[in-house]
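Inside the fold
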Amino acid sequence: MSAAVTPRHARHTAGLMSSIYLPRAADALAFAMSTYGIPLLVLATTGSAVLTGAAFALEWIPRLAAFGWAGSIVDRRGASVVFHLASLGRALVLAAGAVLLYLYPSGAVASVTVMVLAAATGVLTEFSYIAVETAGAAAGRRAGPRAHRVQAALLGIDQTATLAGPALAGVLLLAGPPSMLAVVTVLSLLAALLALRTPPSPVAPARAPKGRPGAGLVNGWRTIRALPALGWLVAGLTLSNLSIGLLQAAGPVIVVQHFGQSTTAGGLVWSAAAAATLVAVTVCRFALDRLGLWPVGAACSVIASLACLAAALAPDYLSYLVMVAVLMAADGGLAVVLRTLRSRLIPPETFGSTLSATILILLLPFPIAGVLTALTPPDALGHVITACAALQTLGLFCAFTRLRTDPALRT
């Protein structure tokens, strides 16, 4: 029996590698390089801090606006089709940008080019992300009891790309903006080609009315409300994200002004956090095999709450770095729990729209954190982070207390 099971498991893993993991890796690296690299590209091209900030906004505002479209289109057309077209579109946009910047390395044309790149890649990346997440959830459902392993592997791919992408983009910029854009173009083309191997996901019935762009978010919100376990977990993680967003937004001020470190030290905090998250995801994968979703999720929520409180009270840079890394590692474990629960509970035919709604809810605290950082005097940031950490603790405690007896988290 075991001899028959092992080859079947090996074939399943090999199939996931070629149809899910490799396309996800190519897209995630292109995602990270464009998200972190294009603001650097704007600064290198224009020398303007104002335009650099505007480019960052142009990347994220269209992404948030695209959620309603992305989820409903993925539900209607299927994940593999949208993934292929979005990655191909991003490759074409980046290739055109590379040519223009090669011909016009500075001046008005260069400035307009990089700003358009920021907006266009933001939208196309959001479509590819929703599509590849939907494909990953479908793979998790097919894996059955091994769903958490699939989600842990996908999260590990994302964290590896987050760790490597910004550094790779920065190094390539030393050779010139066209070089960086060319590499991201190749990665996007590779993702588009590999997307052809991604299994088709279930689609909504053709007779379903198309509705308005926001209809997908409305349907997603209704699905979340109909799934109490998912709703409670999303609510707790949304409050947790306010603390994480505040640490991200206020990080440069804390590291440079409060601790007297360099901006490079500020970046090192998040590199350490990404590395810690990779380790945590691996540990959670084995812990979930033995303990189940609720014990692992509850333990991660306790660790995240304590680490955030400790980061707010950290006396020096090293302790701050360690506490932020521990916080993000615990958040990575919570992300595995959320992804696994999401793949189990959300109906396949509405997964795209529900995924869009959950991601939008989870991202809303980040601009709020930016506003809090802008309005808070530097000396008072520690008090605000402490208050948000207390709110995070309350939110996660209420969520996992409510979920303790929910059958969705007991296996």
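Scroll up to find the structure.
The text that follows walks through the structure, step by step, so that each part is easy to find.

Cut-off values and rules
- Residues numbered from 1 in each chain as written.
- Predicted model: local features only at pLDDT ≥ 70, side-chain atom pairs only at ≥ 80, totals over all residues.
- Heavy atoms only, no water.
- Axes fitted to C-alpha atoms, helices over the stretch in contact; angles between N-to-C directions.
- Helix = DSSP H or I, 4+ residues; strand = E, 2+ residues; numbered from the N terminus.
- Parallel < 35°, antiparallel > 145°, perpendicular 65-115°, else oblique.
- Contact = heavy atoms within 4.5 Å.
- Nonpolar A, V, L, I, M, F, W, Y, C, P; charged D, E, K, R; others polar.
- Core = buried A, V, L, I, M, F, W, Y, C linked by side-chain atoms within 4.5 Å.
- Buried < 20%, exposed > 50% of the residue type's maximum accessible area, 1.4 Å probe, protein only.
- Left-handed = near helix turned anticlockwise from the far one by under 90°.

Quick look at the packing of helix α12 (residues 351–363) against helix α13 (residues 365–375) now. Where α12 contacts α13, the two axes come as close as 5 Å, and the packing angle between them is 10°. Taken together, the axes of α12 and α13 lie roughly parallel to each other. The residues of α13 that touch α12, namely those facing Ile-361, Leu-362 and Leu-363, are Pro-365, Phe-366 and Pro-367. Among the residues forming the contact of α12 with α13, the class breakdown is six nonpolar, no polar and no charged.

What follows covers the environment of Leu-355. Relative to the helices and strands, Leu-355 is located in helix α12. Taking C-alpha positions, Leu-355 is 7.0 Å from Gly-71, a pair spaced 284 residues apart along the chain. Ignoring anything within four residues of it in the chain, the contact list for Leu-355 reads Ile-130, Glu-133, Thr-134 and Arg-342.

Turning next to the side chain of His-84. The residue His-84 is located in helix α3 (residues 79–103) in this model. Apart from residues no more than four positions distant in its own chain, His-84 is found in contact with Ala-192, Ala-195 and Leu-196.

Before going further, it helps to spend a moment on the environment of Leu-194. Structurally, Leu-194 can be placed in helix α6 (residues 177–194). Leave out the neighbours within four places in its chain, and Leu-194 touches Leu-22 and Pro-23.

On to the nonpolar core, then. Among the nonpolar cores identified, the biggest contains 57 residues, and Ile-130, Leu-230, Leu-233, Leu-237 and Leu-338 are the most heavily contacted of them. The element best represented in this core is helix α4 (residues 108–143), accounting for nine residues. When sequence neighbours within four positions are dropped, the list of residues in contact with Leu-237 reads Leu-334, Leu-338, Leu-362 and Leu-396. Phe-259, Ala-314, Met-328 and Cys-388 belong to the second-largest nonpolar core, a separate cluster that totals 30 residues.

This next bit is on the packing of α4 against α12. Running from N to C, α4 and α12 point in directions that differ by 115°, and their axes come no closer than 10 Å. Relative to α12, the crossing made by α4 is right-handed. Mapping the contact onto sequence places Tyr-129, Ile-130, Glu-133, Thr-134, Ala-137 and Arg-141 in α4 and Phe-351, Gly-352, Leu-355, Ser-356 and Ile-359 in α12. Residues belonging to the contact of α4 with α12 are distributed by class as follows: six nonpolar, three polar and two charged.

Let us look at the environment of Ile-224. Along the chain, Ile-224 falls in helix α7 (residues 215–226). Judged by its relative accessible area of 4%, Ile-224 falls in the buried class. When the C-alpha atoms of Ile-224 and Ile-346 are compared, they prove to be 8.3 Å apart, with 122 residues separating the residues in sequence. With near-sequence residues (within four places) excluded, Ile-224 lies in contact with Leu-230, Gly-231, Thr-354, Ala-357, Thr-358 and Ile-361.

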